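The lines below spell out each chain.
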Amino acid sequence: MLSPDFPFSYDHYLEDPHGLGGVPESARGTEVAVIGAGAAGLVAAFELMKMGLKPVIYEAGSIGGRLKTERFDAAPQVAADLGGMRFPTSGRAFYHYVDKLGLETRPFPNPLSDATPSTVIDLKGEPIWARTADDLPEFYREMAEGWKSALQQDAQLHAVQDAIRARDVDTLKRLWNDLVERLDDQSFYGFLAGSDAFRQLSHEHLETFGQVGFGTGGWDTDFTNSILEVLRVVFTDADDNHRSIVGGAQRLPVELWHHTPEDLVHWPKGTSLASLHGGAPRGAVTGIHRGQRADLPAGGISITEKWGRTREFAAAVVTCQSWLLSSRIDTDEALFTPSMWRAIEKSHYMLSSKTFVLVDRPFWRDTDPETGQPVMSMTLTDRLPRATYLLDEGGDEGPASILLSYTWNDDALKWLALDASERTRLMLHSLHKIYPNIDIGAHIIGEPLTVSWEADPNFMGAFKNNLPGHYRYQEMLFGHFVQNGFPEHQRGLFLAGDDISFTAGWAEGAVTTALNAVWGVVHHLGGASHPQNPGPGDMWSHLAPIRLS
């Protein structure tokens, strides 16, 4: 996922034996606040700890953020990933930490992927069964070819991907900057409908593409978003070759919290984030203000917890969703320029809903005697569930789970007022229309698990996805970690998290912006990168995203 906006090789940066840099000896032990214990917060805190700083993590809920895994009461060994659940192998900065922690992964059963025994596409009441894309009717191949042609003719797909694979950053920036200037005001739907490739097809091709999409499933809920958001996903292969973390995605931040690195500075061997915090992070943050300490630059950053405790820090990394800075956290307006506040307020978050059920066994492996096909398949449909995934632990017997429904935006909003049982009842009703010969409910054990991310006050949405014309806001948010030209009273507070990145919705963006914030903190405290391993801020003048007029 070498970002075409800022093509810095974070994987090489992490793997370099010289490390990520360091702070002066006099700064070791300095406390740095980290707000949010999701992937971005834990990565930032982990790397700051390794350099000899003392991260102080604040968390309103549980460690993990949107890498949230819940377990069924009846079978705790079965994990349900309510947040991030599939991670493209091109996200190499993310997998750096997966590998460091020794986490096991397995292929995720996306539609028509090698990990999926079969897929059913049910549109307009007509189910089509397939193992691979080659099993689909000619109509679907025409649709897929139209999409590929549109990408090549109107977005130079092959040239951009060749530059990414070669890490030819000069060519990549030239190609991408042209696309940004040309397409920033274009929606995904507008790009498709205006392409020569789709003009030669029918409206039904375009409609079906929205329902079925590519890689991860239907994309019509993205139709109103900027085409640049979709191009980033396609160019970096983020829509393909997904894997899940065995035991649940939350294992990554939780195990990073407990991990004891070997290459520690200042702290004794065996130190972990957990041990630095006495086993638990601080509580929810309700205030961020400029501090008053004379021994800290500009007075430092003052952090107030929900029940009134206030502490002042030399710097702070804020990884919560940016909307919370105006809606849930009393944040000093002077910490950001009016333009930055506008960028924060213009963030557009996707709504998202998931509902899981526990079943007694992976019954979908049974064969239907009438058709010779599996009795149930991974399903894409225009009915209420939209997407249904069959998830097992790899065995033929014992409990497994079904992600009955995975929906976005308007489709997710339809579920918001319903509880888990009502959601499940309606989903089973829809799926029975597709699979009339199987009683799914007869296999369900216990209570379902469900989430609507927009209803969670600590998140207010699943993840950011920019609308047309929002590039300027994203460029401003992403580049905030380079603070050399800032007035002193706006320095020391660093934003991170996937909504600050250009690849929102992917854990890779959380990791890379966390590394940006680490670089910012180090330089704020008088430190530097190793000369032989320049960091993202050191390469800023060469790789910075284009700034539109």
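All values reported here derive from a predicted model rather than from experimental measurement. (Residues numbered from 1 in each chain as written. Predicted model: local features only at pLDDT ≥ 70, side-chain atom pairs only at ≥ 80, totals over all residues. Heavy atoms only, no water.)

## Topic: the overall build of the chain
Worth spelling out the cut-off: Secondary structure counts use DSSP, requiring at least four H or I residues in a row for a helix and at least two E residues in a row for a strand, with both numbered from the N terminus. The size measure is the radius of gyration over C-alpha atoms, and the globule rule it meets is 2.2 Å times the number of residues to the 0.38 power. Note on exposure labels: buried denotes an accessible area under 20% of the residue type's maximum, exposed denotes more than 50%, and partly exposed covers the range between, all computed with a 1.4 Å probe on protein chains only. In this analysis, two residues are considered to be in contact whenever any of their non-hydrogen atoms come within 4.5 Å of each other. Residue burial considers only the protein chains on display, and all accessible areas are found by Shrake-Rupley using a 1.4 Å probe. Residues scored as positive are Lys and Arg, those scored as negative are Asp and Glu, and His as well as the terminal groups of each chain are ignored. Here the site of a charge means NZ on Lys, CZ on Arg, CG on Asp, or CD on Glu.
Looking only at helices and strands, the chain has 19 helices and 22 strands in total. Relative to the globule expectation of 24 Å for 549 residues, the C-alpha radius of gyration of the chain, 24 Å, shows essentially globular dimensions. Burial status across the chain gives 59% buried among its 549 residues. For the chain, restricting intrachain contacts to residue pairs at least 6 apart in sequence, the fraction spanning at least 24 positions comes to 71%. When the accessible surface of the chain is totalled, it reaches about 21,600 Å², and 48% of it is carbon and sulfur. One finds the centroid of the 46 positive side-chain charges in the chain at a distance of 4 Å from the centroid of its 71 negative side-chain charges.

## Remarks on the sheet that holds strand 5 (residues 87–88)
Formally: A pair of strands counts as paired when DSSP detects no fewer than two bridges linking them.
With antiparallel pairing, three strands are arranged side by side in an open sheet as 5-9-6. Of all the strands in the sheet, the pair left with one neighbour each is strand 5 and strand 6 (105–107). Relative to strand 9 (residues 242–245), strand 6 is paired through three bridges, and the arrangement is antiparallel. Counted as the bridge partner of P107 is R243 from strand 9.

## A word on the pattern of salt bridges
Note the following rule: One speaks of a salt bridge when a side-chain nitrogen belonging to Lys or Arg is within 4 Å of a carboxyl oxygen belonging to Asp or Glu.
Counting across every chain of the model gives 27 salt bridges. Between D184 and R472 there is a salt bridge, with its nearest N and O atoms 3.6 Å apart. Of this pair, D184 sits in the loop between helix 6 (169–183) and helix 7 (188–194) while R472 sits in helix 17 (residues 471–478), and the two are 288 residues apart along the sequence. Its relative accessible area of 7% is what places D184 among the buried residues. By relative accessible area, R472 is classed as partly exposed at 37%. Among the charged side chains, a salt-bridge network with shared partners connects D220, R386, D411 and K414.

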